[in-house]
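Here is how the chains run, residue by residue.
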Amino acid sequence: MQEYEKKAGKMLFFSDIDETLVNTDKSLSDENRAAVEEFLAHGNILVISTGRALSGASNLMKDLGLYGKENVLISSCNGAVIYDTYLEQELLRRPVPLDLMVEAFDLARDFGIHIQTYTETGVVSETDNESLQRYIAIQRLPVEYVSNIREARIDPPPKLLCLDYPDPGNVTRFRAFFEERMAGKLDCFQSNPWLLEIVQPGVNKGSSLQFIADHYGIAIDHTISAGDAENDLTMILAAGIGCAMCNGDERLKEKADYITQNDNNHAGVAEILHRFCL
């Protein structure tokens with residue numbers, strides 16, 4: 001594995017949340033907290049890069065005590081919305097057009113898989129089921145039900161999500177079905193086996209990293225990323241140093257510049273920060 005010298009000057013650190021920055025119980029370890037605080041104290045920029053909607057990501061960031069700190073951003077919905085938690089303002093929004101949202105809902109309904117979308121504060125769904133209830137309990141988001149998505153009075157959403165917790169294979173099968181019919185119209189990828197993220201073409205964690213690096217004038221070789229799942233691959237490839245958690249997807253580890261020795265439950269993020277910039 002290539003050796004990297006610690007960089008001088010401002011650094012940009014992109015970190016996934018679930019199974020990366022936080023423990024499996026969604027808590028932040030003392031070691032990770034101390035490393036993040038030291039990283040920020042040097043004037044560096046932390047971006048929480050997640051598939052979660054902005055409202056769900058903000059809820060967790062507030063629980064962790066990271067929301068509202070200077071130089072702490074959220075790249076939510078896999079990069080569709082970039083938000084400065086200190087200034088409380090959006091830097092970028094790339095939503096799914098409403099006509100394509102309707103088309104995706106029609107495909108999911110015909111296929112027989114749950115699909116949902118988002119407002120600024122919660123989830124919009126045509127159906128209620130076990131997967132939806134499990135999701136909103138984890139994310140702590142309210143849900144609005146509509147009989148047909150055409151009746152929803154919403155702005156173009158940052159993403160759509162298909163999910164099936166009891167049968168992840170159904171998600172994989174729908175992904176192939178969706179990609180065949182929506183190629184070039186919308187992108188999709190799995191953030192884990194039971195969640196299929198659907199976004200505007202070109203929206204991903206890697207393009208988000210590039211946008212923020214450009215926005216702050218930070219060279220790519222001063223960027224680090226850390227993740228564990230398929231939707232983290234683009235930012236692993238885009239960063240100057242792309243790190244995979246040892247508890248992560250094997251395909252991600254194959255592409256990473258560095259694989260942690262410690263998993264997310266044993267301060268793997270602190271390991272990354274101390275190795276490359278603290």
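Before any of the text, the structure's been laid out above.
In short, a report on the structure. Each chain has its residues counted from 1, following the order in which its sequence is written. Only residues with pLDDT of at least 70 get local features here, since the model is predicted, and only at 80 or more are side-chain atom pairs given and counted; chain-wide, interface and lining totals rely on the full set of residues. Working from all heavy atoms in the structure, the side-chain values ignore hydrogens and water.

Here we look at helix H7 (residues 205-216)
1) Next: Elements are defined by DSSP. Helices are runs of H or I of four residues or more, strands are runs of E of two residues or more, and each kind is numbered from the N terminus. Take the number of residues in a helix, subtract one, and multiply by 1.5 Å to get its expected span. The first and last C-alpha atoms of H7 sit 17 Å apart over twelve residues, in line with the 16 Å expected at 1.5 Å per residue.
2) Next: On its buried face, H7 sits against strand S1 (12-15), strand S2 (45-49), strand S3 (72-76), strand S4 (81-84), strand S12 (223-227) and helix H8 (233-238).
3) Next: Between the side-chain oxygen of the N-cap and the backbone nitrogen of Gly206 there are 2.9 Å, and the N-cap of H7 in question is Asn204.
4) Next: One or two positions beyond H7, positive phi appears at Gly217, with a value near 65°. The contact criterion used is simple: two residues touch if any of their non-hydrogen atoms lie within 4.5 Å. Two N or O atoms form a polar contact when they lie within 3.5 Å of each other; inside protein one atom must be a possible hydrogen donor and the other a possible acceptor, and for residues adjacent in sequence the pair counts only when both atoms belong to side chains.

Quick look at the nonpolar core
1) Next: Each nonpolar core is a collection of buried residues, namely Ala, Val, Leu, Ile, Met, Phe, Trp, Tyr and Cys, held together in the definition by side-chain atoms within 4.5 Å. Relative accessibility decides the category of a residue: with a 1.4 Å probe and only protein chains considered, values under 20% of the type maximum give buried, values over 50% give exposed, and everything between is partly exposed. Residues Phe13, Phe39, Ile224, Ile272 and Leu273 are the most contacted members of the largest nonpolar core, which totals 53 residues.
2) Next: Here Phe13 is in contact with Phe39, Ile45, Leu46, Val47, Ile224, Ser225, Ala226, Val269, Ile272 and Leu273, once residues within four sequence places are set aside.
3) Next: Grouped together as the second largest cluster of nonpolar side chains are 26 residues, Val96, Phe105, Leu186 and Leu196 included.

Some remarks on the sheet that holds strand S7 (residues 123-125)
1) Next: The pairing criterion for strands is at least two bridges between them, as found by DSSP. Strand order in the open sheet formed by six strands is S8-S7-S6-S9-S11-S10, with mixed pairing between adjacent strands. At either end of the open sheet lies a strand with only one pairing partner, and these are strand S8 (143-145) and strand S10 (187-192). Sheet twist, expressed as the average angle between the axes of neighbouring strands with direction ignored, equals 30°.
2) Next: Where strand S6 (residues 114-118) lies against S7, three bridges are found, and the strand directions are antiparallel. Each residue of the ladder has a partner; that of Thr117, found in S7, is Val124.
3) Next: Each of strand S9 (160-163), S10 and strand S11 (195-199) is contacted by helix H6 (residues 168-182), which is oriented at about 165° to S10, the strand it contacts most. To get an axis, fit a line to the C-alpha atoms, keeping to the stretch in contact for a helix; angles then go from 0 to 180 degrees between the N-to-C directions.

Structural notes on the sheet that holds S2
1) Next: Pairing within the open sheet is mixed, and its eight strands lie in the order S5-S4-S3-S2-S1-S12-S13-S14. On the outer flanks of this sheet lie strand S5 (89-93) and strand S14 (258-259), each paired with one strand and no other.
2) Next: Here four bridges tie S2 to S3, and the two strands are oriented parallel to one another. The residue of S3 that forms the bridge with Ile48 is Ile74.
3) Next: Against the sheet, helix H2 (residues 30-41) contacts S1, S2 and S3, and its axis sits at roughly 135° relative to S2.

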